[in-house]
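Chain by chain, the residues:
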Amino acid sequence: MAIGYTWDVNTCDTKTVGSKSNVVHNVHWRLTAEDDANQDADGNNQTATVYGTQALDTSDLSSFTLWSNLTASDVQGWVEAAMGADEVTSLKSGLDAQISEKINPSNVTKTLS
């Protein structure tokens, strides 16, 4: 399988901390896996998605980035760091398993004729 992963971290909750406004403290994320080696019956790549929220530590704002300068890459890095490598790996493994189940289902429902 050639599975790629895409983060969507564009929706963020912000607050004012001290003199800084629009401090990102919570991120609504979505992680999508896409398998370009296996397609469904309609010819679309097999995909799986998981989503959630991740709280961010705002106690140290020494490297604060203005909202207008934030990129999705910045926020993704914060989310992955806050989750930790083991959790990110676990999420990706779960998505891989979902795609594998779509390709080779362990359970098939059939109807008697």
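Heads up: the structure comes first, above all this text.
Residues numbered from 1 in each chain as written. Predicted model: local features only at pLDDT ≥ 70, side-chain atom pairs only at ≥ 80, totals over all residues. Heavy atoms only, no water.

## Some remarks on unusual backbone geometry
Move 1: Not every positive phi belongs to a glycine, and N22 is a case in point at roughly 55°.
Move 2: Structurally, N22 can be placed in strand β2 (residues 20–39).
Move 3: Overall, N22 belongs to the partly exposed group, its relative accessible area being 37%. (Helix = DSSP H or I, 4+ residues; strand = E, 2+ residues; numbered from the N terminus. Buried < 20%, exposed > 50% of the residue type's maximum accessible area, 1.4 Å probe, protein only.)

## A look at helix α1 (residues 72–83)
Move 1: Across its twelve residues, α1 extends 16 Å between first and last C-alpha, which sits within 8% of the 16 Å expected from 1.5 Å per residue.
Move 2: Three or more residues of α1 are buried, namely V75, V79 and M83. The buried residues of α1 occupy one face: seen down the axis, they fall within an arc of 70°. Among the exposed residues of α1, those oriented more than 90 degrees off its buried face are S73 and A81.
Move 3: In this structure, the buried side of α1 is in contact with β1 (3–17), β2, β3 (45–55) and α2 (85–103).
Move 4: Taken from the residues just after α1, G84 is the one with a positive phi, measuring 95°. (Expected span 1.5 Å × (residues − 1). Arc of directions from axis to C-beta. Contact = heavy atoms within 4.5 Å.)

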